[in-house]
Each structure stands twice: as C-alpha cells, then as structure tokens.
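Architecture at a glance
Here is how the chains run, residue by residue.
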Amino acid sequence: MTNKNKAFGWAAKDSSGVLSPFHFTRRANGDDDITLKIFYCGICHADLQILRDKFGFGLYPVVPGHEIVGIVTQVGRKVEKFKIGDKVGVGCMVGSCRACENCRQDLESYCPKLESTYTMFDDGTGKKNYGGYSDIIVVNEHFALRFPENLPLDAAAPLLCAGIAIYSPIKYYGLDKSGMHLGVVGLGGLGHVAVRFAKAFGMKVTVISTSPDKEEEAIEGLGADLFLVSKNLDQMKVMVSTMDGIIDTSSAPHPIGPLIDLLKPQGKLVMVGAPQKTVELPLFSLLMGRKLVGGSTIGGMKETQEMIDFAGKHNIVADIELISMDHVNTAMDRLVRGDVRYRFVIDIANNLHA
Ligand code: NAP
Ligand code: ZN
Ligand code: ZN
C-alpha cells in the first residue's frame, strides 16, 4: 500500500454547523478502488440536518456531501468498470457487507453494515468517512456510477441522492405506471426531480405544497398537471380519493391524515422526507380504504445506475444554483428558509483551494 492521499475540504466542527476549511487524509487507492477529482457536489437537505445535529449523532468533524461527481484520476489494478478520465458519480453510500440477504438482492442501502459516504451513525468501529465537500474521494468501484455523456455534471449531481431517493420508492411501490395519478408533497430538491421522473413515466402529477408562489414554476417549468396548496382546505377537498400514490418529500413535520384522504382506495403514501418528529397515523382512514403508508431511503447500486441511465435517456436533471465553497454557509441559511430553486450545487473544481 502506498501512502495515504492528502485531501482538503470544508467541515463543521460542532453543532453550529458552520463549515470551514479542513485538511484530512483519504485511504490510499486500493486494488478495487478508484480516486476521483471532485468537480461538483450537491447540497442535500440531509447535509443541513446532520451538520446542525438535528438527528443527534454528534459525530464531528463532518465533511458532508453525497451528491458527488468527478473525473477518475487513478484506478486500482483490479478495477474493471472505469478508466482514468471517466465521468463518475458517488452517492450516499461507499460500502456494505456485500454478503447479506439485502446485498445479494442489490439492496445495499438496507445492509446492516451500510457505510455512508460521510459518517452519520456511530457503528462502533471508530472508522470515519468524509463526504464530497472536498477535492478528492477514494471509493470501491462497486459504489461508483457511470455518467451518461449527455448529462451535464453539475445539474445531474443531485440525481445521486435526490434522484434515487424518489426513483426507488416510485418503482418499488409500483407508482411508475403511465396514466397513474401521483401526488408530490414538498417542491424542493427531491420534490422537483420527482415531478420530472413521474412525467417521464407518463403519469399525471399533482404538486402539494405549502408555498403558493411555486404554482407557476411547478406547472410551466416542471410540467406538473395540478398544484394544491396544502393549507387550502377547499382545494384539498376537491382532490379527495383521486391519487394512486403520493411521494412525501417534506422536510418539516406535518399531519399525514389529509394526504391519506387524497388517496384512492388501495393508494400508497410513501414518506421519504425526514422531519425530526413522530407523526400520528390515522388508522381508520387506512383501514377503510386498505391504504398503505410506507417509507424508503435511496436504492441499491444497480437501481441507482438504472436511474441515472433513465435520466440520461429522458434528459432529466435538477434545476440548480451553482455556488462557490465560500458561499456554502450562506447557502445553508437559505436552505433553511427554502430559498433555492431547487438545489445548490458546489462548484468544487473551480473554487476549492487548499
Ligand atoms: P428541500 O430542498 O429543503 O425541500 C424540502 C421541501 O419541504 C421544501 O421545498 C418545502 O416545499 C417543504 N416544506 C414544507 N414545510 C417546510 C418547512 N417548514 N421548512 C422547510 N421546508 C418545508 O429538501 P430536500 O433535499 O428535498 O429533502 C427533503 C427531505 O428528504 C429532508 O428531510 C431530507 O433529509 C430527506 N431526504 C430523504 C432521503 C431518502 O432517501 N429518504 C434522501 C435525501 C433527503 P414546499 O414549499 O413545496 O412546501
Ligand atoms: Zn441526500
Ligand atoms: Zn450487506
């Protein structure tokens, strides 16, 4: 093994979540590894929640970032999928046991030994991963994704978390059928790509939002068919029992009873947003319509590649605001206020200087 790789990024050192320059090392490039020079990294709402310790993990320093794209600069001798110069993505995970029931079914995201791209949970090993708000990353080739030539690296970076976080549940819960009616709750990073994927599947899409000012952009810009303001009870009432499924991406606590009412009998409400509060489940509404409330995180590596290839075929990317690393703390404050259309992406290669 050669020496470790020197790396440079921005880290939060405590629960203030304020990011500042941070020098660290990455492992040396092993036989099955590739090293990427990182070009862009998206800012996911989960980064914000973890930086500010909203889930109580408290594992500082944190270098966040799991929507990473870059160019391969080094390949190990056993690497088969990639060569130097390839465009590659790294999403939310960089390791799993590769042997358990979940891993054998290409569901690495549900492996009990899942290794997140940046450490979120204390797994007792003391091992720590640092994410993509940094100049390079070393990753086992199994956890890297090929990028279609036609997708721009910056606007496609958010697919690596936001894209798969909605694609996987839409597929798993059978909500990808042409002609079905899908509700999308929360028009943010995840929500706006959910609209684009659902339209590509040929679905009728209704956005359910707390922000009336997003109506025009939802319909004109993203191609949604209908727009409901969740607090407008008259609008909500008209749509009762009309939806086959709902993908709920809201990052804030909210009652789910009114959403269950929007479902047709046997409809499915899928929670993908992660507010830090328990929700009440109105059982009677579920029983009467044999409805289902489920959850989902990202998908496995095979499905993530399938999602990116599908996005390439249908030209699906995120609407982004490209920022320099110097603006990352301001971006986090703006994200709290929902002041972004719809994903911040950090321009790493041009802006990160050690
Ligand atoms: P985001 O860009 O900040 O969007 C969240 C949306 O939630 C907002 O645009 C807003 O949409 C809605 N919202 C409603 N009430 C809100 C409030 N009080 N404050 C802020 N937003 C409010 O976040 P994101 O990156 O899409 O992530 C959404 C959630 O999914 C987060 O909780 C994140 O941790 C989670 N997540 C889950 C997965 C997974 O695999 N399950 C993956 C990534 C992220 P409207 O204005 O339209 O109401
Ligand atoms: Zn994410
Ligand atoms: Zn496993």
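Since we're looking at a predicted model, the values are computed, not measured.

**Details of the domain arrangement of the chain**
- Per the domain assignment, the segments making up the chain are domain 1 (3–161 + 319–351) and domain 2 (163–295).
- Computed over C-alpha atoms only, the centres of domain 1 and domain 2 are separated by 28 Å.
- Taken together, the contacts link 12 residues of domain 1 with 17 residues of domain 2.
- Around 1,200 Å² of area is buried between domain 1 and domain 2 when both sides are counted, 50% of it from carbon and sulfur atoms.
- Linking domain 1 with domain 2 are three salt bridges.
- Between D319 and R196 there is a salt bridge, with its nearest N and O atoms 3.0 Å apart.
- For the interface between domain 1 and domain 2, the tally reads 12 residue pairs in polar contact (both at pLDDT 80 or more).
- Considering only residue class, the side of domain 1 that touches domain 2 consists of six nonpolar, two polar and four charged.

**Looking at the site of ligand 1**
- The immediate surroundings of ligand 1 are formed by 27 residues, with H45, Q49, T210, S211 and R343 found nearest.
- Residue Q49 places a side-chain N or O atom 2.5 Å away from an oxygen atom belonging to ligand 1.
- Contact between ligand 1 and S296: a nitrogen atom at 2.9 Å from a main-chain N or O atom of the residue.
- Coverage of ligand 1 by the protein chains reaches 85% of its 910 Å² of free accessible surface.
- If you list the elements that add at least two residues to the shell around ligand 1, you get α1 (45–51) and α5 (189–200).
- When residues in the shell around ligand 1 are grouped by element, the largest group, three residues, is from α1.
- Here the shell around ligand 1 is built from residues that sort into 11 nonpolar, 14 polar and two charged.

**A look at the coordination of the zinc ion (ligand 2)**
- C44 (SG), H66 (NE2) and C161 (SG) make up the full set of protein donors to the zinc ion (ligand 2), lying at 2.0 to 2.3 Å.
- Look at where the donors of the zinc ion (ligand 2) fall in the sequence and you get C-x21-H-x94-C. Highlighted residues: H66 in the loop between α1 and β4 (68–75) and C161 in the loop between α3 (153–156) and α4 (162–172), separated in sequence by 95 residues. Each member of the pair H66 and C161 is classed as buried.

**What to know about the pattern of salt bridges**
- Inspection of the entire model under this criterion finds 17 salt bridges.
- In this structure, D31 and R77 form a salt bridge, with 3.2 Å as the shortest nitrogen-oxygen distance. A residue pair is termed long-range when its members are at least 10 positions apart, and D31 in the loop between β2 (19–26) and β3 (33–42) and R77 in the loop between β4 and β5 (87–90) qualify at 46 residues.
- Residue K264 is joined to D244 by a salt bridge in which the shortest nitrogen-to-oxygen separation is 3.1 Å. Taken together, the residues K264 in strand β14 (residues 263–271) and D244 in strand β13 (residues 243–248) connect sequence positions 20 residues apart.
- Judged by its relative accessible area of 30%, K264 is partly exposed.
- One connected set of salt bridges, linked through shared partners, spans E321, R334, R337 and D339.

Calculation criteria
- Sequence order as written defines the numbering, with residues in each chain counted from 1.
- To label them, take the chains in the order written and letter them from A, then take the ligands in the order written and number them from 1.
- Predicted model: local features are reported for residues with pLDDT of at least 70 only, side-chain atom pairs are reported and counted for 80 or more only, and whole-chain, interface and lining totals are derived from all residues.
- Computation of side-chain values covers all heavy atoms of the structure but excludes hydrogens and water.
- Segmentation of the chain into domains, including their bounds, is taken from an automatic or database domain assignment.
- Here a residue-residue contact requires only that any non-hydrogen atoms of the pair lie within 4.5 Å.
- Accessible area, probed at 1.4 Å, shrinks when two parts are joined; the buried area is that loss added up over both.
- We define a salt bridge as a contact between a side-chain nitrogen of Lys or Arg and a carboxyl oxygen of Asp or Glu at a distance within 4 Å.
- Two N or O atoms form a polar contact when they lie within 3.5 Å of each other; inside protein one atom must be a possible hydrogen donor and the other a possible acceptor, and for residues adjacent in sequence the pair counts only when both atoms belong to side chains.
- Side-chain classes follow a simple rule in which Ala, Val, Leu, Ile, Met, Phe, Trp, Tyr, Cys and Pro form the nonpolar group, Asp, Glu, Lys and Arg form the charged group, and the remainder, Gly included, forms the polar group.
- Throughout, the term near means that a residue has one or more heavy atoms lying within 4 Å of the molecule or strand in question.
- Accessible surface is estimated by sampling points in the Shrake-Rupley manner with a 1.4 Å probe; for residues, cover comes only from the protein chains shown.
- Strands here mean DSSP runs of E at least two residues long; helices mean DSSP runs of H or I at least four residues long; both are numbered from the N terminus.
- Note on donors: an N, O or S atom is included if it sits within 2.8 Å of the metal, or within 3.2 Å for Na, K and Ca, and water is never included, so sites can look incomplete.
- Exposed residues in this analysis have more than 50% of their type's maximum accessible area, buried residues have under 20%, and partly exposed residues fall in between, with area computed by a 1.4 Å probe over protein chains only.

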